[in-house]
Amino acid sequence: MPVTEHGAPLAPLTTMHVGGPADTLVTATTSDEVVEAVRAADDAGTPLLLLSGGSNLVIADAGFAGTVVRIASRGIEVVPVDDAHVDVTVAAGEVWDEVVARAVAEGWSGIEALSGIPGLTGATPVQNVGAYGQEVAQTITNVLVWDREAQRRQIFSAAECAFTYRHSVFKATSRFVVLEVTFRLGLGGLSAPVAYADLARQLGVEQGERVPLAAARDAVLVQRGNRGMVLDASDHDTWSCGSFFTNPILPSAQMDQLRARAAQRLGPDGPVPPVFPAGEGLAKTSAAWLIDRAGFGKGHGMPGPAALSTKHTLAITNRGEATAADVAALAREVRDGVREAFGVTLVNEPVFVGHEL
């Protein structure tokens, strides 16, 4: 049976460590228990919040006036596909980095660059988790969900998930509850081609080369650690939601305007915004670059209670005593400052619960 608590604090269940209590907290340890808890809340007409690893939530200080279902289901099933691939089906409540660590140990490639990302597996397809040139859309074959409207389980193929940059069909609606995710991973002990320049430099290889899986994982953990992106209770730079803003994807005309604003602000011979391809007529630039050049450097807001990470400008951190309101205030300051400086409005990556940015 699911474990039910009333008035349970939610802040300790999130990586930002902010937010008030839940009216009701239900911890579900199997997929059936997840469905049972969600159906009970829906049948009663009670507001529902799904809590995975808490790494992408900023919960209001007032807490959540409804039922919070904490997903804690476990289980991994491995099915050989052919000589080169295995299908790995993972319960939504499995800790994501433990899944990646097992994949590396077993010689399964395709998710090694996603090492060190906090949270649980069920959250990975929701926002198409990605880092260092990989994203889960590259390996997910299907996702099993509970459809709250149709009151049935449903399997989504990768195409039906409608993956785009940090987005999917699951992020666009609260209708679907992820129960299991199936990944098709390669065999052979070598990483997928190294796609991220800094990672390639650290590994001493060219972009596009493959390296042993363990070497790729270790290098990613070093990179993330240098940015305060590996959870450490003693390091307040990791009391965060990771990257707080997504990298803006802009039409070409707006990218031209950004370059002009940057030249006006930083000088014709000054630094220029980085540009990455993002589809026809579109280009992606760096949120961290914009934040830094708008005057919000590492540690902005120190000593707190909320401040930018001392290691990376893209992370908003809790220095120990921050409230959700403190986090939101700093996020607004940064967002509005970037818009004033460069005409680009940053979009928050974490989900705000009970308040807005």
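By convention here, each chain's residues receive numbers from 1 onward along its written sequence. Per-residue local features are limited, in this predicted model, to residues with pLDDT of at least 70; the limit for side-chain atom pairs, both in listing and counting, is 80 or more; totals at the level of whole chains, interfaces and linings are taken over all residues. In computing side-chain values, all of the structure's heavy atoms are included and hydrogens and water are not.

Looking at an unreviewed UniProt entry, one finds the chain named UDP-N-acetylenolpyruvoylglucosamine reductase and attributed to Janibacter terrae. UniProt positions are given in the numbering used here, feature names are shortened, and annotations may be inferred rather than shown by experiment. UniProt, in the comment section headed Catalytic activity (unreviewed entry), describes the chain in these words: "UDP-N-acetyl-alpha-D-muramate + NADP(+) = UDP-N-acetyl-3-O-(1-carboxyvinyl)-alpha-D-glucosamine + NADPH + H(+)". The UniProt entry for the chain carries the following comment under Subcellular location (unreviewed entry): "Cytoplasm".

K.L.:
So, the overall build of the chain: which residues are in play, and what are the values?
P.N.:
Across its full length, the chain carries seven helices and 19 strands. The size measure is the radius of gyration over C-alpha atoms, and the globule rule it meets is 2.2 Å times the number of residues to the 0.38 power. The C-alpha radius of gyration of the chain comes to 21 Å, within 12% of the 21 Å expected for a compact globule of 357 residues. In terms of its C-alpha atoms, the chain occupies a principal-axis envelope of roughly 65 × 55 × 40 Å. Evaluated residue by residue, the chain yields a buried proportion of 50% over its 357 residues. Strands here are runs of E lasting at least two residues and helices are runs of H or I lasting at least four, both read from the DSSP assignment and numbered beginning at the N terminus. When accessible area is computed with a 1.4 Å probe and restricted to protein chains, residues below 20% of their type maximum are described as buried, those above 50% as exposed, and intermediate ones as partly exposed.

K.L.:
Help me get a handle on helix 1 (residues 31–44), residues and values and all.
P.N.:
For an α-helix, the turn length of 3.6 residues means that residues three or four places apart are oriented alike. Helix length check: helix 1 (14 residues) gives 20 Å between terminal C-alpha atoms against 20 Å at 1.5 Å per residue, within 8%. Taken as a whole, helix 1 has its buried residues at S31, E33, V34, V35, A37, V38 and A41. At its buried positions, helix 1 is contacted by strand 2 (21–28), strand 3 (48–51), strand 5 (64–71), strand 11 (140–147), strand 12 (152–157) and strand 13 (176–187). Directly beyond the C-terminal end of helix 1, a positive phi value near 70° is found at G45. Here the expected length of a helix is defined as 1.5 Å per residue gap, with one fewer gap than residues. Pairs of residues are marked as contacts when any of their non-hydrogen atoms sit within 4.5 Å.

K.L.:
Outline the packing of aromatic side chains, listing residues and values.
P.N.:
Two aromatic rings, drawn from Phe, Tyr or Trp (for Trp, its six-membered ring), form a pair once their centres lie within 6.5 Å of each other, and the interplanar angle then sorts them: stacked below 30 degrees, edge-to-face above 60, tilted otherwise. For the structure on display, the rule yields eight aromatic pairs. On the numbers, 5.5 Å between centres and 45° between planes, the contact of W96 with F183 is tilted. With W96 in helix 2 (residues 96–106) and F183 in strand 13, this pair connects stretches of sequence that are 87 residues apart. A relative accessible area of 0% places W96 in the buried class. F183 gets classed as buried once you look at its relative accessible area, which sits at 1%. When the centroid spacing of 4.9 Å and the interplanar angle of 80° are considered together, the rings of Y132 and Y196 count as edge-to-face. Separated by 64 residues along the polypeptide, Y132 in the loop between strand 9 (130–131) and strand 10 (134–135) and Y196 in the loop between strand 13 and helix 3 (197–203) bring together distant segments of the chain.

K.L.:
Outline the pattern of salt bridges, listing residues and values.
P.N.:
The working definition used for a salt bridge is a side-chain nitrogen of Lys or Arg within 4 Å of a carboxyl oxygen of Asp or Glu. Applying the stated criterion across every chain, the model contains 18 salt bridges. Here R293 and D292 are joined by a salt bridge, their closest N and O atoms 3.2 Å apart. The exposure class assigned to R293 is partly exposed, which follows from its relative accessible area of 28%.

K.L.:
For the sheet that holds strand 14 (residues 249–251), give the residues involved together with the corresponding values.
P.N.:
Being paired, for any two strands, means DSSP has found at least two bridges between them. With respect to topology, three strands assemble into an open sheet ordered 14-16-15, the strand pairing being antiparallel. Here the strands that pair on one side only, and so sit at the sheet edges, are strand 14 and strand 15 (276–277). In this sheet, strand 16 (residues 282–284) lies alongside strand 15 in antiparallel orientation, the contact comprising two bridges. Bridge pairing in strand 16 links F276 to K284. Set on the sheet, helix 5 (residues 252–266) makes contact with strand 14 and strand 16; between it and strand 14 the angle comes to about 100°. Between the N-to-C directions of two axes lies an angle of 0 to 180 degrees, each axis being a line fitted to C-alpha atoms and, for a helix, fitted only over the stretch in contact.

K.L.:
Can you explain the UniProt feature "active site" (unreviewed entry) in the chain? Please cite residues and give values.
P.N.:
UniProt records the feature "active site" (unreviewed entry) for R166, S243 and E349 in the present numbering. Judged by maximum C-alpha separation, these annotated positions cover 184 residues in sequence but sit close together in space, the widest gap being only 11.4 Å. Looking at the secondary structure, you find R166 in the loop between strand 12 and strand 13. In this view, R166 contacts Q127, N128, V129, G130, A131, E135, K171, T246 and E349; residues no more than four positions away in its chain are not counted. Within polar-contact distance, the side chain of R166 engages the backbone oxygen of G130 at 2.9 Å. Setting aside its immediate chain neighbours within four residues, S243 contacts M229, L314, E349 and P350. Identification of polar contacts relies on pairs of N or O atoms within 3.5 Å, with a donor-acceptor requirement for protein atoms, meaning one able to donate a hydrogen and the other able to accept it, and with residues adjacent in sequence counted only if both atoms are side-chain atoms.

K.L.:
Describe the pairing of strand 11, with residues and values.
P.N.:
With six of eight residues buried, strand 11 lies mostly within the body of the structure. The pairing of strand 11 with strand 12 spans six bridges and is classified as antiparallel. Pairing of L144 across the sheet is with I155, part of strand 12. Following strand 11, the chain reverses through four residues before pairing antiparallel with strand 12; Q151 in that reversal takes a positive phi of roughly 60°.

K.L.:
A description of the UniProt feature "domain: FAD-binding PCMH-type" (unreviewed entry) in the chain should follow, citing residues and the corresponding values.
P.N.:
Taken from the UniProt record, the annotation "domain: FAD-binding PCMH-type" (unreviewed entry) applies to residues 18–188. Along residues 18–188 one finds 15% helix and 40% strand; the C-alpha atoms at either end are 43 Å apart.

K.L.:
Run through the sheet that holds strand 5, naming residues and quoting values.
P.N.:
Two strands in a sheet stick together by hydrogen bonds in their backbones, pointing the same way (parallel) or opposite ways (antiparallel). With respect to topology, four strands assemble into an open sheet ordered 1-2-5-3, the strand pairing being mixed. The open sheet is flanked by strand 1 (3–9) and strand 3, the only strands paired with a single partner. For this sheet, the mean inter-axis angle between neighbouring strands, taken without regard to orientation, is 30°. With six bridges connecting them, strand 2 and strand 5 associate as parallel partners. Its bridge partner being in strand 5, A28 is matched across the sheet by I71.

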